[in-house]
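Close look at the chain arrangement
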Amino acid sequence: MSEALAIEPVSPHLLRSLREHVHERLRRAIVAGRFRNGERLNERSLADMLGVSTTPVKDAIRMLESEGLVRTEARRGVFVEFSARQALEMALGRAALESVMTHIAANRIGQAEIAEMSRLIDEMAHATEHGDLEDLVNLNEAYHGMIHRISGCSYLERRLDGQRMYDHAQRIALLGEPSERARGFEEHSGIFEALRAHEPARAEQRMRSHIVRSAKSHVRQVFGADAEGLDYDE
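None of the values given here were measured: they were computed from a predicted structure.

A separate point is the packing of aromatic side chains. This structure, assessed with the given rule, holds 1 aromatic pair. With 5.8 Å between their ring centres and 40° between their planes, F82 and F223 make a pair best called tilted. Here the residue F82 occupies a position in the loop between β3 (77-80) and α4 (84-108), and F223 occupies one in helix α10 (residues 200-223), the gap between them amounting to 141 residues. Judged by its relative accessible area of 30%, F223 falls in the partly exposed class.

Here is the structure:
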């Protein structure tokens, strides 16, 4: 078969099931604050909004419940379970783990990985300047994923898996704001500088500050106020 007749691969997002697409949309809506904490969700109304039957909605709700974003009460229904405090607690957990991984990565990073991360920073700069949200979110996740990989902390990485859905939705919400894109890129560049210089303490502190500051910004964006009773200075 000639190259001219070669078939392009199917885009990964098309391979996902309807249930997964419905789950992602509902999850993103909850994390973005489109449903209030404690609000009752009507499966039929959600199905109508999404243009689907109630079956994938029911499946998605079960997945959301396993993630702690909704709760089901017998004979009462399904309710949103996502508050400012919960959002910040999730981020503080991530900050604790990922800052340690960044510290370890700063001790382990080699020249090939520095060159690879430098190219990634250049791509992030381009996406930041041109406001390409999808590319920027993907590059952001690739950046953090690379630090995880360099650290070699597979156990800690597995501990982070449970909240990747929140991290992804937060990035989409925050990086839609031009000022946040610029601030985030500045912080990512600073973390990279500390990694490249093999300065673990500085890399750890910068990663922790970046995650906590971003989370606080997201909480204010979604809930209009800081999380009460959860003071933590980054």
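Read on, since the account is not over.
Given 3.6 residues per helical turn, the α-helix brings residues three or four places apart onto the same face. For helix α3 (residues 54-66), spanning 13 residues, the distance from its first C-alpha to its last is 19 Å, which sits close to the expected 18 Å at 1.5 Å a residue. Of the positions making up α3, those classed as buried are T54, P56, V57, A60, I61 and L64. The buried side chains of α3 occupy one side of the element, clustering within an arc of 155° when seen end-on. Exposed residues lying more than 90 degrees from the buried face of α3 are R62 and S66.

Before going further, it helps to examine the sheet that holds strand β2 (residues 70-73). Pairing in this open sheet of 3 strands is antiparallel, and the strands run β1-β3-β2 from one edge to the other. Bordering the open sheet on either side are β1 (40-41) and β2, each of which pairs with just one other strand. In this sheet, β3 lies alongside β2 in antiparallel orientation, the contact comprising 4 bridges. By the bridge assignment, R71 is partnered in β3 with F79. Helix-sheet contacts for α3 involve β2 and β3, and the interaxial angle to β2 is about 110°.

Below, the discussion takes up the side chain of S209. With respect to the element layout, S209 can be found in helix α10. A residue is classified by how much of its surface remains accessible, and S209, at 15% relative accessible area, is buried. Polar contacts involving the side chain of S209 include one to the side chain of Q205, which spans 2.8 Å.

The next thing to look at is the layout of surface pockets. Within this model, the largest pocket holds a volume of roughly 740 Å³. The wall of the largest pocket is formed by 27 residues, among which E24, R28, E141, H168 and I172 lie closest to the centre. Where the lining of the largest pocket is concerned, the elements lending two or more residues are α1 (18-31), α4, α6 (133-151), α7 (154-161) and α8 (164-174). In terms of residue count, α6 provides more of the lining of the largest pocket than any other element does, 8 residues in total. Partitioning the lining of the largest pocket into residue classes produces 5 nonpolar, 8 polar and 14 charged. Roughly 170 Å³ of volume is contained in the second largest pocket.

Opposite charge on two side chains allows them to pair when their charged atoms are near. Inspection of every chain in the model, using the stated rule, returns 21 salt bridges. In this structure, R28 and E24 form a salt bridge, with 2.4 Å as the shortest nitrogen-oxygen distance. Separated by 4 residues within a single helix, R28 and E24 lie in helix α1, roughly one turn from each other. The exposure class assigned to E24 is buried, which follows from its relative accessible area of 13%. The salt bridge involving E193 is made with R206; its shortest N-O contact spans 3.9 Å. Of this pair, E193 sits in helix α9 (residues 178-196) while R206 sits in helix α10, and the two are 13 residues apart along the sequence. Classification of E193 as partly exposed rests on a relative accessible area of 40%. Since its relative accessible area comes to 26%, R206 is described here as partly exposed. Look at the salt bridges and you will find they share partners, linking R71, E73, R76 and E81 into a network.

How two helices sit against one another is set out by the angle between their axes and by the gap between those axes. Two numbers describe how α4 lies on α7: the axes approach to 10 Å, and their chain directions differ by 155°. Considering the angle they form, α4 stands roughly antiparallel to α7. The hand of the α4/α7 crossing is left-handed. Side by side, α4 and α7 meet where R94, L97, V100 and M101 of the first sit next to L156, E157, R159 and L160 of the second. Across the contact of α4 with α7, the residue classes tally to 5 nonpolar, no polar and 3 charged.

Conventions we followed
- Residues numbered from 1 in each chain as written.
- Predicted model: local features only at pLDDT ≥ 70, side-chain atom pairs only at ≥ 80, totals over all residues.
- Heavy atoms only, no water.
- Phe/Tyr/Trp six-rings, centres within 6.5 Å; stacked < 30°, edge-to-face > 60°.
- Helix = DSSP H or I, 4+ residues; strand = E, 2+ residues; numbered from the N terminus.
- Buried < 20%, exposed > 50% of the residue type's maximum accessible area, 1.4 Å probe, protein only.
- Expected span 1.5 Å × (residues − 1).
- Arc of directions from axis to C-beta.
- Pairing = 2+ DSSP bridges.
- Contact = heavy atoms within 4.5 Å.
- Axes fitted to C-alpha atoms, helices over the stretch in contact; angles between N-to-C directions.
- Polar contact = N/O pair within 3.5 Å; in protein donor to acceptor, adjacent residues only side chain to side chain.
- 1 Å grid on protein atoms, 1.4 Å probe; cavity = no way out; pocket = protein on both sides within 12 Å on 5 of 7 lines; lining within 4 Å.
- Points joined across faces, edges and corners; volume = space filled by probe spheres on them.
- Nonpolar A, V, L, I, M, F, W, Y, C, P; charged D, E, K, R; others polar.
- Salt bridge = Lys/Arg side-chain N within 4 Å of Asp/Glu carboxyl O.
- Parallel < 35°, antiparallel > 145°, perpendicular 65-115°, else oblique.
- Left-handed = near helix turned anticlockwise from the far one by under 90°.

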